[in-house]
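So you can see what is in the structure, the chains are spelled out below.
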Amino acid sequence: MTPSAWLQRFATPSPGTALDLACGAGRNLLWLARAGWRVTGVDRDTAATAPLRGHAEIIDADLENAAWPLAGRAFDLVVVCNYLWRPLFEPIRAAVKPGGWLVWETFADGQQAIGRPSRPDFLLQRGELLRVCGDWRIVAYEDLFEPGVNPRFVQRVAAVRPHPAA
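Residues numbered from 1 in each chain as written. Predicted model: local features only at pLDDT ≥ 70, side-chain atom pairs only at ≥ 80, totals over all residues. Heavy atoms only, no water.

> Can you walk me through the overall build of the protein in this structure?
Check the secondary structure of the protein and you find 5 helices and 7 strands. In the protein, the succession of α and β elements from N to C terminus is α-β-α-β-α-β-β-α-β-α-β-β. Considered along the principal axes of its C-alpha atoms, the protein spans approximately 45 × 40 × 30 Å. Residue burial in the protein is summarised as follows: out of 166 residues, 47% are buried. Sequence-distant contacts, at least 24 apart, represent 54% of the contacts inside the protein between residues at least 6 apart. When the 18 positive and 17 negative side-chain charges of the protein are each reduced to one mean point, those points stand 4 Å apart. (Helix = DSSP H or I, 4+ residues; strand = E, 2+ residues; numbered from the N terminus. Buried < 20%, exposed > 50% of the residue type's maximum accessible area, 1.4 Å probe, protein only. Contact = heavy atoms within 4.5 Å. Lys, Arg positive; Asp, Glu negative; His and termini not counted. Charge placed at Lys NZ, Arg CZ, Asp CG, Glu CD.)

See the structure below:
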């Protein structure tokens, strides 16, 4: 399992605490844990996450139908890969410590013409991650079509949450 190239590009070299949201089988979680991060993974698929329990804290949660399972917790790095549930925009932002990073990549509008996911509810609109992180320091942003064996429309952001004003 190869971790996200976007994550590898922006995960800071000094490990701290990390959250892998909707971690699935753990391709990003395992890479972070091996790099020395103290990782928390959240997913509803307990069969997929079972092998990960020796590498990270795993929280079994249905993010779309239950309360936010990380209330009051914040991380140095929050990773969201191939997942979108708009009601979680604010809880995800709140889960990033001031000075921490949000590294997010997921499918974007246009994907419905070539494959899954095809529901517009699960596809980012043009510039949507920029709007979600608009008051943060945007380090990098992409909104593009990637051709190839597995073509896809994707949107990515790497952003740093500002420290509160003094």
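Next, the rest of the story.
> I'm lost on unusual backbone geometry in this one. Help?
It is generally the case that most residues other than glycine have a negative phi and that most peptide bonds are trans. A positive phi is found at Ala22, a non-glycine position, where the angle reads about 55 degrees. By the element assignment, Ala22 lies in the loop between β1 (17-21) and α2 (27-34). We note that Asn82 has phi near 55 degrees; this positive angle belongs to a residue other than glycine. Tracing the backbone through its elements, the reader meets Asn82 in the loop between β4 (75-81) and α4 (89-94).

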